[in-house]
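The chain contents come next:
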Amino acid sequence: MKRYRLFLFFYALSIILFNSTAFAKTNKNIIYIYQDAGVSPHALSQAMHTFQTVLPPSYAVKTIDAQGVIKNDWSRDAALFVMPGGADTPYTQKLNGAGNQQIKNYVRHGGSYLGLCAGAYYAASSIEFDKNGPLEVLGTRELAFFDGKAIGPVLSTYDYTTESSARAAQINLTLSNPKTTTVYYNGGGYFEHADTFKNTSVLGYYANQKPAIILINYGQGHVALSGVHIEYDAALLDSNNPFLAKLIPELTSANQQRLILLNEVLKQLHLSIST
């Protein structure tokens, strides 16, 4: 009888220890930001700054390259996977196949994905960028969190070499407050007929009423795609650049509304935000 009781005691203790260990391993508190070919250095630095600033210190912000995505150790502790701005064609070259499958599996089983500008194009089922222009990029995409097409640029002819295509974009929001904000834009797209797709809602529209920011339920997970840079802080823009200098005052004046919008997006992605 004593041996049996000892057996039950150690068995119960092992269950408690196992569950504690399992819980620790599934504590999802890392924000992973993709950093590899195609990612804009400016977009990366803005994203790093933003998530280190707006989220509580219980979250850690790390970068991850394509090989890290494919290896997939990251999904166990990822609170969010961020695909930043840049050029999406190199993303396909690095991630098509195994990498994209890892990202899709992560989101399908309860993870969160935030796509910003190029990262938003990348998450549509197809892309139409600068159609019939010198920078034309057309084709399907594997992630396909959004079942429709991402089309752009919306507000200006894009230029990879300068900031001449940058704009202060007014976005009309579906929030009760604020109703509008102004955010940095450079080459982003809109999500064609987004308000007609199942499991998809529109959070923000360009002034021309094209969907600019959308939220998607994908499996057990959550996706936010933004054609505009809701993560950009005007204070980090180069005031000596003539194309940016003229935008900074307008972006700065709308910064509080931008932060409210950003926090709403993060809440929709099931992150706990700073108050």
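Residues numbered from 1 in each chain as written. Predicted model: local features only at pLDDT ≥ 70, side-chain atom pairs only at ≥ 80, totals over all residues. Heavy atoms only, no water.

A.B. asks: Tell me about the nonpolar core, and name the residues and values.
C.D. replies: Ranked by internal contacts, the top residues of the largest apolar core, which has 77 residues, are Ile31, Phe51, Phe81, Tyr113, Phe145 and Leu225. Leave out the neighbours within four places in its chain, and Ile31 touches Phe51, Leu55, Tyr59, Ala60, Val61, Lys62, Ala79, Leu80, Val82 and Leu271. Formed by 11 residues, the second largest nonpolar core is a distinct cluster that contains Ala43, Ala234, Leu244 and Leu251. (Core = buried A, V, L, I, M, F, W, Y, C linked by side-chain atoms within 4.5 Å. Buried < 20%, exposed > 50% of the residue type's maximum accessible area, 1.4 Å probe, protein only. Contact = heavy atoms within 4.5 Å.)

A.B. asks: I'd like a rundown of the pattern of salt bridges, residues and numbers included.
C.D. replies: This model, assessed by the stated rule, comprises 5 salt bridges. Between Lys94 and Asp36 there is a salt bridge whose closest N-O contact spans 3.5 Å. Taken as a pair, Lys94 in helix H4 (residues 88–95) and Asp36 in the loop between strand S1 (30–34) and helix H2 (41–54) lie far apart in primary sequence, 58 residues in all. According to the relative accessible area criterion, Lys94 is partly exposed, its value standing at 39%. (Salt bridge = Lys/Arg side-chain N within 4 Å of Asp/Glu carboxyl O. Helix = DSSP H or I, 4+ residues; strand = E, 2+ residues; numbered from the N terminus.)

A.B. asks: An account of the packing of H2 against helix H9 (residues 255–268) is needed here, citing residue identities and associated values.
C.D. replies: Taken N-terminus to C-terminus, the directions of H2 and H9 make an angle of 80°; their axes are 12 Å apart at the nearest point. Classified by the angle between their axes, H2 and H9 sit roughly perpendicular to one another. In this structure, H2 contributes Thr50, Phe51 and Val54 to the contact, and H9 contributes Leu259, Leu262, Asn263 and Leu266. (Axes fitted to C-alpha atoms, helices over the stretch in contact; angles between N-to-C directions. Parallel < 35°, antiparallel > 145°, perpendicular 65-115°, else oblique.)

A.B. asks: Report on unusual backbone geometry, specifying residues and quantitative values.
C.D. replies: Look at the link from Gly152 to Pro153: it is a cis peptide, with omega at -5°. Relative to the helices and strands, Pro153 resides in the loop between strand S7 (146–152) and strand S8 (167–173). At Gln209, a position not held by glycine, the phi torsion is positive, near 75°. The topology assignment puts Gln209 in the loop between strand S11 (200–206) and strand S12 (211–218). Although it is not a glycine, His270 adopts a positive phi angle of roughly 65°. For His270, the location among the structural elements is in the segment after H9.

A.B. asks: So what's going on with the sheet that holds strand S3 (residues 78–83)? Which residues, and what values?
C.D. replies: In a beta sheet, neighbouring strands are held together by backbone hydrogen bonds and run either parallel or antiparallel to one another. Read across the open sheet, the 9 strands follow the order S2-S1-S3-S4-S13-S12-S11-S8-S9; overall the sheet is mixed. A strand with exactly one partner marks an edge of an open sheet, and here the two such strands are strand S2 (60–64) and strand S9 (180–185). Strand-to-strand, the axes of this sheet are offset by a mean angle of 25°, without reference to chain direction. Packing against the sheet, helix H5 (residues 98–108) makes contact with S3, strand S4 (112–116), S12 and strand S13 (221–226), and its axis sits at approximately 135° to S3. (Pairing = 2+ DSSP bridges.)

A.B. asks: Run through the sheet that holds strand S6 (residues 137–140), naming residues and quoting values.
C.D. replies: Across the sheet, 4 strands lie side by side as S6-S5-S7-S10; this open sheet has mixed pairing. In the strand order of this sheet, the two ends are held by S6 and strand S10 (190–191), each with one partner. Taken together, the 4 bridges between strand S5 (residues 124–129) and S6 define a ladder with antiparallel strand orientation. Its bridge partner lying in S6, Ile127 is registered against Gly139.

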